[in-house]
Each structure stands twice: as C-alpha cells, then as structure tokens.
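In case you want the letters, here they are:
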Amino acid sequence: MQEEVELEEKKRFQMPHTYVIIFGIVIVAWLLTFIVPAGKFSTEEVEYETGDGGTETQEVLQQDSFRYMHPLEQDVLHAKLEELSQDEKTLSDLQVDKNDLTQVLDENQKLSLEQLANIGLSEDNLYELYGNSIYDTSENLNKTAQVWGTEDHYGFGVFNYLFEGLVTGDRFSSAIGIVAMLLVVGGAFGIIMKTGAIDAGIYAFLRNAKGMQDLAIPLIFIAFSFMGATFGASEEVIAFAIIIVPFTIALGYDSITAVTITIAAAEIGNAASWMSPFSIAIAQGIAGLPALSGAGFRIVMWIVITLLSCGYTVRYARKIKADPTRSVTYKTDGYFRENLANSSDEDHTFTLGHKLILLELLVGLIWIVYGVMAQGFTIPEMASQFFVIGLGAGVIAIVLQVNGMKINDVATAFQDGVADLAPTAAVVGMAQGILLVLGGSDAGSYSALNTILHSVGELLSGVPSMIAAWFMYIFQSLFNLIVTSNSGQAALTMPIMAPLADLAGVTRQVAVLCFQLGAGFVDAFTPVSASLIGVLGVARMDWSQWAKFQIKMQGFLFIIGSAFIIGAVLIGYH
C-alpha cells in the first residue's frame, strides 16, 4: 500500500527545484539578450536629504541620456580625436594625457571604447562631446554572454553564472557579503540549536502560556512589519527566523506561517513605510521631494496594509492548525516536528544553562538591532555579531555542561550549521547570475536591462494619469523580480518615473508610492532576494513551495496596493 502511494506521488506533477527554476530563468534571460539591443544612460551624482536632516549622495541616471549600443564610425572618431589631441584645454578638463591619446591614435587603426577608457576617455565623455556623430546609428548592437567563458578568457559565459554570481558585489552587499554572512549565521545558530536551549524555551512557553498562543502569530507579524517600516529590516530577520520557525511549528502551524510572520511581514512593512532610510528617503531625494514628506498618508497605509495582511496570515494559519496535512510543507516540516517529538522529558527541562543561552541570544539580537539603527552597522558587523552570539552560547554550554556539550561538539555544531545554509548561499549566487546575464544593473554600462527600462518609460508617456500610475506600479513590481535592492531600484527607475509622472499629470509623491509598494511587496516573493532565500533556508523550505502560497498573497497585496495608488491619484497626494 505504501509503495502504491509513493508511486502515485511520483506520477503527479512536481514543482521544479529552486535550482532548476533559476537555471531556466537564466536561459530565458540569455535568449532575451539576443532580441533586445543593449543600451545605457549617462549618470550623475545627486544629493538628497536623509530623515535625520543630513545629506547623502546617490549615483542616478540622467533621464534623457539613453542611447543604444552602435558600431563606431572609425573615420569620424579618428578625425574627432585628432582634433581633440590639439585642444589642450579640453584634454585638461577631461584629465586625459595628450601623449597617451596620440599614442592610441597612432597604434590603432580600429579604435575601441575600452582602449579609450584605459587612457581616461570614457564613453560618457565621448557622448557629451560628440553625441551620436561617432556612431553608425543604423545598427543597434546586442550585448550577449558567451556560452562559456570568463572575464579573462573569451568573455563572460552564461554557464559561468553561478561562480560569477557568487563573487559579485563586495563585503557590504550581495552576493559576497550575503553569502559570507549566511555561512557565519548558519554556524552560529548551529551551536545554539545543538544546546537545545531554543527547544526547551519553546516548551517552557507552551507550558506557561496556556490560552495566549493564538496571540503569537498576529503579534509577531505586526512587530516585524514595524521593523521593516522603521529601519528596513531584511538580512537581520534571518537570525529571528531560526528561533521563530520551530516555535511556530510547535504551536501547530507550519513553516510557511513562520516565514510569513517574519521576512514577509518585514517586506510588507517596508513597502508601506513612511520612513525607511533605504527606500523612501532615497526615492524622494531623487524625485526632488522633501525627505520623508507625505508621512501622514503612509502611516495610515501602513496600519491598514499591516492589519489586512496580518488577517490574511492568521486565516491561513488557523486552517493549517486545524489540519496540518493541508500545508505544502507538511513533509519538510517533519524535521522540526521530529526534533521536538524525539526530545525526552529531560531535554524539555528548562535549565539554568538554557536560560542563560536564551538571555545571551536576546541581548545579542538587541545588540544587532541597535547596531543597525543607531550605529549604521551593515553586513560585516552583523556577521561578526552573529559569530560572537554563537561563540557565547558555546562557552556557556561547555561551562555549564548543557546537553553534555564539549569543545569538539561546539565545533561540529558550527560545521553542521554552515552545511545547512550552504545550499541557500548557492541560491544567492545563482540569483545574482540572472542579473549578470542581462548585462548587470549599472545604468552607465550597456545592457539589455537598460533598454527595457527606457522602453517602458517611452510606453508610459502620454498615457492617462490613472492608468499611468497603475502601470508604474506594475512596472516597479516586475522590475523588482530582478533588482531587489531598494536603493538600487530607486536609482535606476526614479530618474525616469519622476519626470514621467509630471507628463502624465501624476504627482511625484504618487510615483514614489508606486516604487515603494512595487519594490516592497515583491521582495517577499522573488527568488533573487537574498534575505528571503536565507529565511527559506532556515525553514528548510524550497522556494517553489513558498511560491505556491505566496503567489496568492501577492495577488491579495497587489489589489490592496492598487487601491492605495488609485486613491492617491484621486486625492492628488503630494
């Protein structure tokens, strides 16, 4: 009978593994670059006000500076540069050495933009001096990755997307910074989980909080939504999820509920935020609006969206509690249920060691939140904080003989924790590979993504205001599937969307609203989001499982977001 059930399950359609889905997206993105020609913008530094009254700068694209990639008109370019080599004032302004330019002209009959960039004469400089006159504008070129290759040999190849994706960015961003932090977090919490302190704490709560368990889901959801709204909580949610996932399952819910009340709630809060320093402040600065203006409307919006989303989550959670087998993660959640069920009564005893480890964990999490909000800590500092928290838990466990742990047990637990999150770290690199295949997110470099951005702006010009605003929201949502950095998306889209809003009769405040709702909601869905993938890794959940649930919630959120966009247009929100 059991064999028949297993055979029947194998015959059913199975959602592809996350790795398969991302690989498919990479191939589709690659094929798209054969169709969509490459384009770029000139960029500039703009200054904007921060919420605390200070100022910061952000590199943004210049709205009317888009151009396609064309072949160079070699004769025209040579003639122009020969003239430039005699213009010492312009060369001085450009900080280009005359001898270097003369040498390049003498040694190369066929010039390239790379050769000129090497002597300090960038494509932006050339375009500012000569416009399209140095290009053969009758032909648009595509920028397409090779089948195989690296930057050093044959050029970037599509089948190198994983490695190149893993090594993009720096220690402060995805993928390098996020991947390193995930491995450190995994190791640190491997130690904490090995002590049994979290399991013992969960059972202590269940024993002493009879009748209050039902309040846990809405209270946690609202707390994380507030964290997302106030300081853009994202990567730091991974640490909380390590505690909340087994806690939620112990209450009779599933890991989908746990992920929703943590990272999804934080992204929903960020989407409806009135003060997020990583999205609202930057987008408003680029749009030429006062920092954190229009807060009254957004505070009301945050309250409404948070309560409605919380209600949606509670309704789902109650269905799962009534019949846990209805969850798409019922099987994978078995890992947590078995851990709890296999623990002996002695394991459930809430010892002094357990209490001290949880107290140390609580102090550590407060330290992380304080560091992010008050000290400006980012990924390197948070990774170090997580390591200290894990090390502290290990020391307490050794000294007080918690769970019989010795120093080698601490090292093994760290190793196992790293191994648990290694597959998740790989997904982060894969997701970054999608962006690389499309040519990257740099507005100042030729890419198919820049052409798509420009084309959408052209399509929306001249459209009635209500429709224009709604389609801005749709575009920002779709764009976030690829570019998940709120500040990066603001820098790429707002220089186009802000003046486009003027032409469509929509206020710039509405354009910012379209950006924040589109960018925020979809962050809780896209497999490109490193923070989401990190939390899913903690929950031992495949992205495809999460997508089955979240696609419905995204529809719910999209309807709410559309209602606020339409309302903002009707009242002339400014």
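As shown above, the structure is provided for reference.
A. Here's a closer look at the overall build of the protein chain. The number of helices and strands found in the protein chain is 26 helices and four strands. Computed over its C-alpha atoms, the radius of gyration of the protein chain comes to 26 Å, within 12% of the 25 Å expected for a compact globule of 574 residues. Overall size of the protein chain, expressed as C-alpha extent along the three principal axes, is 85 × 55 × 55 Å. Burial status across the protein chain gives 53% buried among its 574 residues. Partitioning the intrachain contacts of the protein chain with sequence separation of at least 6 by distance along the chain shows that 77% fall at a separation of at least 24. Approximately 25400 Å² of the protein chain is accessible, and the part contributed by carbon and sulfur atoms is 59%. Side chains of the protein chain give 28 positive and 56 negative charges; the mean places of these two sets differ by 15 Å.

B. Expanded view of the packing of helix α10 (residues 197-208) against helix α12 (residues 237-250). Where α10 meets α12, the closest approach of the two axes is 10 Å, and the angle between their N-to-C directions is 45 degrees. Taken together, α10 and α12 sit at an angle that is classed as oblique. Crossing angle aside, the handedness with which α10 passes α12 is right-handed. In contact with I198, I202, F205 and L206 of α10, α12 contributes I242, I243, P246, F247 and A250. Taken together, the residues of the contact of α10 with α12 sort by class into nine nonpolar, no polar and no charged.

C. Expanded view of a negative patch on the surface. A cluster of acidic side chains, namely E44, E45, E59 and D442, defines a negative patch on the protein surface. By the element assignment, E44 lies in strand β2 (residues 43-49).

D. Fine view of the packing of aromatic side chains. Applying the stated criterion across every chain yields a total of 24 aromatic pairs. Consider the rings of F23 and Y161, whose centres lie 6.1 Å apart with planes at 50 degrees: the pair is tilted. Here the residue F23 occupies a position in helix α2 (residues 18-35), and Y161 occupies one in helix α8 (residues 161-166), the gap between them amounting to 138 residues. Residue class for F23 comes out partly exposed when judged on its relative accessible area of 35%. The class for Y161 is buried, based on a relative accessible area of 9%. Between F66 and Y68, the aromatic rings sit 5.0 Å apart at their centres with planes inclined by 85 degrees, giving edge-to-face as the arrangement. Exposure remark for F66: the relative accessible area of 11% places this residue in the buried category. Residue classification places Y68 among the partly exposed positions, given a relative accessible area of 26%. Put simply, the rings of Y312, Y316, W546, F549 and F556 pair up and form one aromatic cluster. Here the guanidinium or amino end of R337 rests over the ring plane of Y330, the centre of that ring lying 4.2 Å away.

E. Unusual backbone geometry, seen in detail. The phi torsion at Q401 lies on the positive side, around 55 degrees, for a residue other than glycine. Tracing the sequence through the fold places Q401 in the loop between α19 (379-399) and α20 (407-437). Of note in the backbone geometry, N403 takes a positive phi value of approximately 60 degrees without being a glycine. Structurally, N403 can be placed in the loop between α19 and α20.

F. Fine view of the pattern of salt bridges. Across all of its chains, the model carries eight salt bridges by this definition. The residue K40 makes a salt bridge to E123 at a minimum N-O spacing of 2.9 Å. On the criterion of sequence distance, the pair formed by K40 in strand β1 (residues 39-40) and E123 in helix α7 (residues 123-130) is long-range, its members being 83 residues apart. A single burial state applies to K40 and to E123, both of which are buried. Between R67 and D124 there is a salt bridge; the shortest N-O distance is 2.8 Å. With R67 in strand β4 (residues 67-68) and D124 in helix α7, this residue pair connects regions lying 57 residues apart in the sequence. We classify R67 as buried; its relative accessible area is 2%. Classification of D124 by relative accessible area gives partly exposed; the value is 23%. Linked by salt bridges that have partners in common, K40, R67, E123 and D124 make up one network.

G. View of empty space enclosed by the protein. The full count for this structure, using the stated rule, is one cavity of 30 Å³ or more. By volume, the largest cavity amounts to about 40 Å³. In terms of lining, the largest cavity is formed by M193, D199, P246, F336, N339 and L340. Considering every element that reaches the lining of the largest cavity, the biggest residue donor is helix α16 (residues 334-342), with three residues. The residue makeup of the lining of the largest cavity, split by class, is four nonpolar, one polar and one charged.

H. Representation of helix α23 (residues 486-504) in the model. If you look at α23, its biggest bend is around 50 degrees, right at T493, and the proline P495 turns up within four residues after that. Of all the 19 residues making up α23, 15 are buried; the element is thus mostly covered by neighbouring parts of the structure. Phi turns positive, to about 80 degrees, at G505, one or two residues after α23.

Thresholds, definitions, all that
- Residues numbered from 1 in each chain as written.
- Predicted model: local features only at pLDDT ≥ 70, side-chain atom pairs only at ≥ 80, totals over all residues.
- Heavy atoms only, no water.
- Helix = DSSP H or I, 4+ residues; strand = E, 2+ residues; numbered from the N terminus.
- Rg over C-alpha atoms; globule rule 2.2 N^0.38 Å.
- Buried < 20%, exposed > 50% of the residue type's maximum accessible area, 1.4 Å probe, protein only.
- Contact = heavy atoms within 4.5 Å.
- Areas by Shrake-Rupley, 256 points an atom, 1.4 Å probe, with all protein chains shown as cover.
- Lys, Arg positive; Asp, Glu negative; His and termini not counted.
- Charge placed at Lys NZ, Arg CZ, Asp CG, Glu CD.
- Axes fitted to C-alpha atoms, helices over the stretch in contact; angles between N-to-C directions.
- Parallel < 35°, antiparallel > 145°, perpendicular 65-115°, else oblique.
- Left-handed = near helix turned anticlockwise from the far one by under 90°.
- Nonpolar A, V, L, I, M, F, W, Y, C, P; charged D, E, K, R; others polar.
- Patch = residues over 30% accessible without salt bridge, like charges linked within 9 Å, V, L, I, M, F, W, Y side chains within 5 Å.
- Salt bridge = Lys/Arg side-chain N within 4 Å of Asp/Glu carboxyl O.
- Phe/Tyr/Trp six-rings, centres within 6.5 Å; stacked < 30°, edge-to-face > 60°.
- Lys NZ or Arg CZ within 6 Å of the ring centre and 35° of its normal.
- 1 Å grid on protein atoms, 1.4 Å probe; cavity = no way out; pocket = protein on both sides within 12 Å on 5 of 7 lines; lining within 4 Å.
- Points joined across faces, edges and corners; volume = space filled by probe spheres on them.
- Bend = angle between axes of the 7 residues up to and from the residue.

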